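Close look at the chain arrangement
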Amino acid sequence: QVQLVESGGGLVQAGGSLRLSCAASGRGFSTYTMGWFRQAPGKERDFVARISASGTNIYYADPVKGRFTISRDNAKNTVYLQMNGLKPEDAAVYYCAASRILLAGVLPEYDYWGQGTQVTVSS
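Residues numbered from 1 in each chain as written. Predicted model: local features only at pLDDT ≥ 70, side-chain atom pairs only at ≥ 80, totals over all residues. Heavy atoms only, no water.

Quick look at the state of the cysteines
A full pass over the atoms with the stated rule returns one disulfide. Here C22 pairs with C96 through a disulfide, and the sulfurs are 1.9 Å apart. One quick way to see it: the torsion about the S-S bond of C22 and C96 is about 45 degrees, and its sign makes the bridge right-handed. With a gap of 74 residues between them, C22 in strand 3 (residues 18-26) and C96 in strand 9 (residues 92-99) connect regions that are remote in the sequence. You'll find C22 and C96 in the same group, each marked buried. (Disulfide = S-S within 2.5 Å. Helix = DSSP H or I, 4+ residues; strand = E, 2+ residues; numbered from the N terminus. Buried < 20%, exposed > 50% of the residue type's maximum accessible area, 1.4 Å probe, protein only.)

Comments concerning the nonpolar core
Formed by 29 residues in total, the largest nonpolar core has its most connected members in L4, M34, W36, L81, M83 and Y94. Non-local contacts of L81, meaning those with residues more than four positions away in its chain, are made with L18, R19, L20, W36, V48, A49, F68, T69, I70 and Y94. (Core = buried A, V, L, I, M, F, W, Y, C linked by side-chain atoms within 4.5 Å. Contact = heavy atoms within 4.5 Å.)

Quick notes on the pattern of salt bridges
In this structure the tally under the stated criterion is four salt bridges. Among the ionic pairs, R38 bridges to D90, the shortest N-O distance being 2.9 Å. Of this pair, R38 sits in strand 4 (residues 33-39) while D90 is found in the loop between strand 8 (78-83) and strand 9, placing the two residues 52 residues apart along the sequence. Across the salt bridge formed by D62 and K65, the nearest N and O atoms sit 3.0 Å from each other. (Salt bridge = Lys/Arg side-chain N within 4 Å of Asp/Glu carboxyl O.)

Rendered as structure tokens:
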């Protein structure tokens, strides 16, 4: 089992940057595909990005391509989401999640979830 704790959220002006971190505890972090999702008020939780266990396979949702970068450090049991060029529509609670599926994408494929970190973008 894996426990996940996100950090790094906050208030930023449009065009600014934030770096989210997700620290994992428990066994087997390096074997999990890790994903980031986000949920704005009144909306569904949407996929943002995912990275394979080895870090070699990465996929982004279209709205964040070219602006966000997902990475992981298996030695530190941590996955990151670097967010540049933030827009008001990026404001949401951001969640990290872990999956045993090699190239997990959709929400039901993820087994473990963090509590989320709030990202607010002012225009």
